[in-house]
Amino acid sequence: MTVSFAALTLFLSLASCSNDGNDDGESSDSGFVKIEGGSVKVENSEDAESRGLKNSKVFIEGRSITIKNLYVSDHEVTQQEFQKYNFFEDGPVKGMNSGAKMSNPKSIGDEAIFNAYGGSNTETKPAKISGLGDNYPAYGVSWYDTLVYSNLRSIAEGYTPVYSIQVEGRDEIDPRKWPGIIEDNGKYAAPKPVTGENANTETIALWNAVKFNESADGYRLPTEAEWEYIARGGNKGVFPTQTKYPGSNTIGDVAWYADNAALTTHPVKTKKAVNGIYDLAGNVSEWVWDLYGDIDADTPSSGPATPAQINGKDYYTRVLRGGSAISEKSLSVIAEEKVLYQGGTENENYVSNIKNKVPESRRSRKCNKDDGCGCFYAFLGFRLVRNAE
């Protein structure tokens with residue numbers, strides 16, 4: 001099996017709670033920065049080049065995207081924040097503590113990479129070797145867990161929850177009532193996919209069919225377009241003068257990544273920011289809302305409306321963006337012409353089994369109709385946004 005390290009590393013660091021770096025956005029006292037949105041439509045290739053969007057796979061020719069005014073968390077959700085409402089589940093986490101095995105990520109072999117990302121690692125929660133502490137980013141978090149956290153926090157703070165799941169024929173916004181939800185001492189976790197004799201396929205199908213109320217004012221994941229807009233320094237539009245990485249042309253200024261992170265996450269907000277927003281380029285990779293699939297001129301701003309299909313089977317694959325403490329710097333580029341093939345069979349690796357080209361800065365994780373998006377991955381976390389209107 002031939003698999004590149006870049007193809008299998010997740011990506012993205014976290015933000016810390018100190019206040020260094022570039023603070024050009026309008027700050028709030030709650031750890032959120034107000035970013036002004038705008039409409040972005042690329043008319044042709046010349047227009048794309050003049051606006052700094054030539055290599056984007058999201059802001060493509062003919063696609064009309066509306067970015068709302070947003071409050072954007074200036075840091076990735078921390079372990080302390082996550083554990084206020086959720087708990088880290090027991091169960092195999094793909095890639096957890098892989099740093100213990102990877103002293104030199106650029107020279108390790110394919111077998112070691114495969115073991116690190118899908119082998120027999122038994123650590124299931126954030127641990128000291130991979131970054132442990134209140135101000136470290138939450139990681140080993142499933143996409144489903146981000147929905148639970150977002151809605152529980154929205155309810156607690158008096159906002160209208162964004163996500164709903166069908167319960168007995170109604171759209172339910174309270175995660176405590178969602179099918180398969182796990183409770184432990186007043187904290188919650190999403191169900192883990194189960195296959196075989198005790199398969200929870202019907203439950204996972206309900207989670208895959210989650211609805212997104214785009215007008216609600218609660219906490220949520222950014223869409224992929226919103227994430228890239230933020231990473232490109234967007235504020236009242238996207239500007240033609242952009243940096244290679246979010247906030248800098250020098251990766252070490254803005255990211256904890258393979259060459260400087262020592263294969264562990266770091267406290268959030270310890271690198272330079274873009275518009276007051278930290279760690280878009282490294283520390284942990286970040287889940288976003290979108291289903292992974294082909295993007296064309298008709299794709300809505302919130303991403304593809306239907307899951308990708310492979311061999312006639314739905315793959316509820318969700319996009320993740322940004323670099324991580326174990327990724328090479330190429331994975332932190334906002335949008336680049338370099339591509340990788342996320343291939344292999346269902347059992348060979350845990351990256352998406354999509355058979356087309358994917359820019360190195362754009363990733364996905366496999367969530368098929370059997371296992372859903374309930375898998376956990378090390379060095380993968382999330383960041384919240386909220387509508388500002």
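Just so it is clear, the model here is predicted, and its values are computed rather than measured. (Residues numbered from 1 in each chain as written. Predicted model: local features only at pLDDT ≥ 70, side-chain atom pairs only at ≥ 80, totals over all residues. Heavy atoms only, no water.)

**Student:** How should I be thinking about the sheet that holds strand β6 (residues 163-167) in this particular structure?
**Tutor:** Strand pairs in the sheet, formed through backbone hydrogen bonds, run parallel or antiparallel to each other. Strand order across the open sheet formed by three strands is β7-β6-β10, with antiparallel pairing between neighbours. Of all the strands in the sheet, the pair left with one neighbour each is β7 (170-172) and β10 (211-212). (Pairing = 2+ DSSP bridges. Helix = DSSP H or I, 4+ residues; strand = E, 2+ residues; numbered from the N terminus.)

**Student:** When you look at the pairing of strand β2 (residues 32-35) in this model, what are you seeing that I'm missing?
**Tutor:** Along a regular strand, successive side chains alternate from one face of the sheet to the other. Neither face of β2 is exposed, since Phe32 and Lys34 on one face and Val33 and Ile35 on the opposite face are all buried. Bridge count for β2 against strand β5 (residues 70-73) is four bridges, and the pairing is antiparallel. The residue bridging Phe32 from the neighbouring strand is Ser73, located in β5. (Buried < 20%, exposed > 50% of the residue type's maximum accessible area, 1.4 Å probe, protein only.)

**Student:** What should I look at first to understand the pattern of salt bridges in this one?
**Tutor:** Between side chains of opposite charge, pairing is possible as soon as their charged atoms come close. Scanning all chains against the criterion turns up 13 salt bridges. Ionic pairing is found between Arg51 and Asp47, a salt bridge with its closest N-O pair at 3.2 Å. Taking the shortest distance from any N to any O, the salt bridge between Glu228 and Arg232 comes out at 2.9 Å. There is no split in this pair, since Glu228 and Arg232 are both buried. (Salt bridge = Lys/Arg side-chain N within 4 Å of Asp/Glu carboxyl O.)

**Student:** How should I be thinking about the nonpolar core in this particular structure?
**Tutor:** Across soluble globular proteins, you tend to see nonpolar side chains buried next to one another. Among the nonpolar cores identified, the biggest contains 34 residues, and Phe82, Trp143, Val148, Tyr163, Trp178, Trp207 and Phe382 are the most heavily contacted of them. Secondary structure elements with two or more residues in this core: α5 (143-156), β6, α6 (201-208) and β11 (285-291). No other element matches α5, which puts six residues into this core. Beyond its immediate sequence surroundings of up to four residues, Val148 is in contact with Asn86, Pro175, Trp178, Ile181, Tyr188, Ala190 and Trp207. (Core = buried A, V, L, I, M, F, W, Y, C linked by side-chain atoms within 4.5 Å. Contact = heavy atoms within 4.5 Å.)

**Student:** Hey, could you run me through unusual backbone geometry in this one?
**Tutor:** It is generally the case that most residues other than glycine have a negative phi and that most peptide bonds are trans. One non-glycine residue, Asn185, adopts positive backbone phi at about 55 degrees. Here Asn185 is to be found in the loop between β8 (182-184) and β9 (187-189). Despite not being glycine, Asn275 shows a phi value in the positive range, around 55 degrees. You can call Asn275 buried: its relative accessible area is 10%.

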